[in-house]
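Take a look at the letters that make up each chain.
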Amino acid sequence: MSQETVRAAELAAARTQALCATADDLERDELHEECGIFGVWAPNRGVARLTYFGLRALQHRGQESAGIAVGDGGTVMVRKDLGLLGRVFSDADLSALAGDVAVGHVRYGTAGAKSWEAAQPHLSTINDVIIALAHNGTLVNTDELRRQLIELGVPFLSNSDSEVAAKLIGYFTQRTSHLREGIRKTMEIVRGGYAMTLITEQALYAFRDPHGIRPLVLGRLVDQGLDQLDLEAVSTLPVDGDPAAAAADEPVVGIGGWVVASETCALDIVGAEYVRDVRPGEILRVNAEGLISEQGVPAETPGASCIFEQVYFARPDSIMDGKSVYACRYDMGRQLAIEAPAEADLVIGVPDSGLPPAEGFAHESGLRFGEGLIKNRYVARTFIEPTQELRSMGVRMKLNPLRDTIAGKRLVVIDDSIVRGTTMVQLVRMLRQAGAREIHVRINSPEVIWPCFYGIDTDVQSQLISASRSVDEICEMIGADSLAFLSMEGLLRCMPERSYCAACFTGCYPVAIPETFGREKFMDGYRPRNLGEDAVVDEDAVVQKGKDRTWELAHQSS
Ligand SMILES: O=P(O)(O)OC[C@H]1O[C@H](OP(=O)(O)OP(=O)(O)O)[C@H](O)[C@@H]1O
Ligand SMILES: NC(=O)CC[C@H](N)C(=O)O
Ligand code: SF4
Ligand SMILES: [Mg+2]
């Protein structure tokens, strides 16, 4: 190694160390992201390994920490740590996690620190009730609930909202002697976006918030030669909120196992067949007796699935609400070409999520589609880097223009969203340096103006480039020749027919945000319509529930 190379290596190492220190030390001001959850009940099928593969398919939803918990009939074991899945689990770790039921999580924290304690699954051990819980979403009213639980003597390891849910479930279950009742009671009291799955020593549970904000799908593993499940029966499992009706129905039995996951791509990877979405407000339980469903809390109408899943979060090979994410994004590009055409020679997409809409734009406009940017697949999503400097560096490390393709060309550049503007500012500069003659930026979603509180936590409104600037101002700032966003109506036209949360575009929040949670997050002059009050644990109601045995009697067979 030459003297210069050694020196360069030393400098690079010093710079990396400095950047790491900055990332750790600085208050995290970034836009946070998503989480991925996976649960499986499948005796004798190596559930830890299945969960590992399921989480691998969901790694794009969270790269901060990873964890798997396994129930072996006698106890629940959990292994979790900071970092990517492949770093957290060795083959030996997976072999050590033997059992019949498992739950796993990949995390981007939206509440609580980036710490081992806040990594999931969260264990809750209150007396003889042991559960491990994985959560995607954000609960907006846990501050007060945590305070009350602490007063009731419940210990906490982290300041994560998900740990509050785990402890609430444990607390209510202990009092009502029935886990589904503990979950139901918790669903009644927590507010926000949640898709959750949890395990006990021998059972798997899954449930979803009453608006259905965060996605959760149910799949089945079929043993060879045992494909005797009636899919019709599963999709019509009782969900009318009447516990007696649920008890009257026979559990669905006779398959190799059941899987729940944030996205269908995680079912595909473990060879599970998609059955249906877990319904808003529904609780599923799987154990040796089979699968049963109960409407834990009434579903809110209209529902409010997160529209941003289709725009950015979900993998293009997942199916959401019956339509492939790829097809949705493709259609958004077509619609964008109708709404905001451009005179150009070539359409390019910003990898990854900008590629399908770029193809759609090219198809609709008759322009040529080409690859103009090459992505380094080993650099994670820049959306979530902890400092502005790292985020900017992240864009350069991740994307590199193909000079031969773009030099001298008038380009249409498609990306799914502009949030802070970090990506586009860098990108337009890079494309100009590579010789692009004109750059027309087209975005296949509306402007992100409002923070999200339901699992993305775009945190403070002032970070959002569109919150304080007009489209023309943003165009000038990013240095493009023209800029246009897809309209809200146009976006909805591409989505499967149903109702959505689109609060980050519209400011219409489907779930009220407690004053204490949202007060500081909005810019002066911006105030969403539904700031709400904090919820409290109603001690009397819990005691009453404990005395009222009718629910348990109705469920004795379950
Ligand atoms: O305006 P910004 O604050 O830069 O955020 C918007 C960008 O962030 C996302 O990409 P990201 O790099 O996170 O992931 P991707 O590779 O999946 O597109 C999104 O697709 C936009 O490109
Ligand atoms: N992004 C998420 O879904 C995060 C889940 C949970 N709120 C946490 O911070 O761990
Ligand atoms: S505010 Fe936006 S990102 Fe958050 S849940 Fe609603 S649509 Fe999704
Ligand atoms: Mg991107």
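Bear in mind that the values here come from a model prediction, so they are computed numbers and not experimental data.

Some thoughts on the UniProt feature "active site" (unreviewed entry) in the protein
Taken from the UniProt record, the annotation "active site" (unreviewed entry) applies to C35. Mapped onto the fold, C35 is located in strand β1 (residues 35-41). In contact with C35, other than residues within four places in its own chain, are R61, H105, V106, R107, Y108, H135, N136 and S262.

Let's talk about unusual backbone geometry
Here the residue pair Q120 and P121 is connected by a cis peptide bond, since its omega of 5° sits within 30 degrees of zero. With respect to the helices, strands and loops of the structure, P121 is situated in the loop between β4 (101-107) and β5 (122-126). The amide bond that connects P351 to the next residue, D352, takes the cis arrangement and shows omega of -5°. As for its placement among the helices and strands, D352 is situated in the loop between β17 (346-349) and α13 (355-365). Positive phi values are uncommon outside glycine, yet N44 reaches one of about 60°. You can see N44 is positioned in the loop between β1 and α2 (47-57). Residues other than glycine seldom take positive phi values, yet S177 does so here, at roughly 60°. With respect to the helices and strands, S177 occurs in the loop between α6 (161-176) and α7 (179-189).

Here we look at the site of ligand 2
In the vicinity of ligand 2, 15 residues are found, and the nearest of them are C35, R107, T110, G137 and D161. Between a nitrogen atom of ligand 2 and a main-chain N or O atom of Y108, the distance comes to 2.9 Å. At a separation of 2.7 Å, an oxygen atom of ligand 2 approaches a polar backbone atom of G137. About the coverage of ligand 2: the protein hides 100% of its 300 Å² of free accessible area. Breaking the shell around ligand 2 down by element, the ones donating at least two residues are β6 (129-139) and α6. Here the element with the most residues in the shell around ligand 2 is β6; it accounts for three residues. Tallied by class, the residues present in the shell around ligand 2 amount to three nonpolar, eight polar and four charged.

Section: the sheet that holds strand β22 (residues 438-443)
Taken together, the five strands give an open sheet; going across it, the order is β18-β17-β21-β22-β23, and neighbouring strands pair in parallel fashion. Edge strands, defined here as strands with exactly one partner in the open sheet, are β18 (368-369) and β23 (482-485).

Here's the deal with the UniProt feature "binding site: [4Fe-4S] cluster" (unreviewed entry) in the protein
Within the UniProt annotation, "binding site: [4Fe-4S] cluster" (unreviewed entry) is assigned to C306, C452, C501 and C504. Taken together, the annotated residues stretch across 199 residues yet fold into one region, lying no more than 10.1 Å apart by C-alpha. Positionally, C306 belongs in strand β14 (residues 305-306). Residues in contact with C306, not counting those within four places in the same chain, are I213, R214, F313 and C501. Among the secondary structure elements, C501 is positioned in strand β24 (residues 500-501). With near-sequence residues (within four places) excluded, C501 lies in contact with A304, S305, C306, I307, Y454 and P510.

About the cut-offs
- Residues numbered from 1 in each chain as written.
- Chains lettered and ligands numbered in written order.
- Predicted model: local features only at pLDDT ≥ 70, side-chain atom pairs only at ≥ 80, totals over all residues.
- Heavy atoms only, no water.
- UniProt positions renumbered as here; feature names shortened; annotations may be inferred.
- Helix = DSSP H or I, 4+ residues; strand = E, 2+ residues; numbered from the N terminus.
- Contact = heavy atoms within 4.5 Å.
- Near = heavy atom within 4 Å.
- Polar contact = N/O pair within 3.5 Å; in protein donor to acceptor, adjacent residues only side chain to side chain.
- Areas by Shrake-Rupley, 256 points an atom, 1.4 Å probe, with all protein chains shown as cover.
- Nonpolar A, V, L, I, M, F, W, Y, C, P; charged D, E, K, R; others polar.
- Pairing = 2+ DSSP bridges.

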